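Chain by chain, the residues run as shown.
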Amino acid sequence: MREKAIKIKRKRCASDWFLDIFKVVFLVLVTVICVYPFWNIFVVSINDATDALRGGLYFLPRKLSLASYKDILGRATFLHGILITVLRTAIGTPLAVLVTTALAYVLSRKELLFRKQLNLFFIFTMYFGGGMVPYYMVLKSLGMLNNFIVFIFPNLVSVYNMILVKNYIEGMPAEIFESAKIDGANDLTVFFKMVIPLSKPIIMTIALFVAITHWNSWFDAYLFTNAQSLKTMQSILVEILNQYQTSSANQAANQASQTIRMAATMIATIPIIMVYPFIQKYFVKGIMLGSVKS
């Protein structure tokens, strides 16, 4: 009787097979739609610039050439821009994560005076701001213009990231904090020895957000710096793209513009893609638990 029940359980009807096939086909189509544009950009970037004007590049390059990458990477200003971008990402990301997490921990404590008012104050800044000109004047008065710190200090706190971390901390059992206080731990000990280790998923999530912001940022380098030595990689890439787009009289530049744009896109994107798989397991858990208060 048991064997018969198992056989009946294993038997699948036609609708089950149809549903499985539909799900597989649907997921394959979604994967192709998401991956193919990026693959096509890569194919065009490694194809000869003159040949790329013919079009018809879909899956493989017709005439392999790395001239576009050599053109971009061979510029001394671009290599220095990579250094500035790496520095601002390596310095700005851990500092922003530390400050944001510390602020979130403070605002999550129920014993904090005027806790609700302070939370409303920070949320208010998400929707209302003074505008670009007052912001520029504040940075100028603080001596941050044409200074590397203009990439770091204005980006130390993100209210959105702070809310994610605060909700995550508020979802922790209150008993662990109470027991730590009974054992004589102060707030600094609780923060560094308990909150940070237990908040690893959400910390890795906001670290990814901050790192992407620093890596892709170019507008602040345009507005707040004049020195070429402070130009980021992304701002130099924008200059390169504008150079080829505005050189209408130069036929060779027009021929190379398409592959240059694709190569610039690949150079700016690949480092982030290489980092994401290492923190993907934390990202999904952190964004889910931090976005909804338990």
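Residues numbered from 1 in each chain as written. Predicted model: local features only at pLDDT ≥ 70, side-chain atom pairs only at ≥ 80, totals over all residues. Heavy atoms only, no water.

(A) Expanded view of a nonpolar patch on the surface. Where nonpolar side chains cluster on the molecular surface, the patch consists of Leu120, Ile123, Phe124, Met126, Tyr127, Phe128 and Tyr160 and spans about 780 Å² of accessible area. With a relative accessible area of 37%, Met126 lands in the partly exposed category. (Patch = residues over 30% accessible without salt bridge, like charges linked within 9 Å, V, L, I, M, F, W, Y side chains within 5 Å. Areas by Shrake-Rupley, 256 points an atom, 1.4 Å probe, with all protein chains shown as cover. Salt bridge = Lys/Arg side-chain N within 4 Å of Asp/Glu carboxyl O. Buried < 20%, exposed > 50% of the residue type's maximum accessible area, 1.4 Å probe, protein only.)

(B) Here's a closer look at the environment of Ile91. With respect to the helices and strands, the residue Ile91 is situated in helix α5 (residues 76-108). According to the relative accessible area criterion, Ile91 is partly exposed, its value standing at 36%. Ile91 sits 120 residues away from Ala211 along the chain, and the two C-alpha atoms are 9.8 Å apart. Residues within four places of Ile91 in sequence aside, it is in contact with Phe148 and Ile152. (Helix = DSSP H or I, 4+ residues; strand = E, 2+ residues; numbered from the N terminus. Contact = heavy atoms within 4.5 Å.)

(C) Molecular detail of the packing of α5 against helix α10 (residues 187-198). Where α5 meets α10, the closest approach of the two axes is 11 Å, and the angle between their N-to-C directions is 120 degrees. Crossing angle aside, the handedness with which α5 passes α10 is right-handed. Side by side, α5 and α10 meet where Leu98, Thr101, Ala102 and Tyr105 of the first sit next to Asp187, Val190, Phe191, Phe192 and Val195 of the second. When grouped by side-chain class, the residues that make up the contact of α5 with α10 number seven nonpolar, one polar and one charged. (Axes fitted to C-alpha atoms, helices over the stretch in contact; angles between N-to-C directions. Left-handed = near helix turned anticlockwise from the far one by under 90°. Nonpolar A, V, L, I, M, F, W, Y, C, P; charged D, E, K, R; others polar.)

(D) Layout of the packing of aromatic side chains. A full pass over the atoms with the stated rule returns 13 aromatic pairs. Both rings, one in Tyr135 and one in Phe224, keep their centres 5.8 Å apart while their planes meet at 70 degrees; by these two values the pair is edge-to-face. Note that Tyr135 is positioned in helix α7 (residues 132-141) and Phe224 in helix α12 (residues 219-224), a separation of 89 residues in sequence. A relative accessible area of 6% means that Phe224 is categorised as buried. With a centroid separation of 5.0 Å and 80 degrees between ring planes, the pair formed by Phe191 and Phe192 is classed as edge-to-face. Taken together through their ring pairs, the aromatic side chains of Tyr105, Phe177, Phe191 and Phe192 make up a single cluster. (Phe/Tyr/Trp six-rings, centres within 6.5 Å; stacked < 30°, edge-to-face > 60°.)

The values reported here are purely geometric and, on their own, carry no functional implication.
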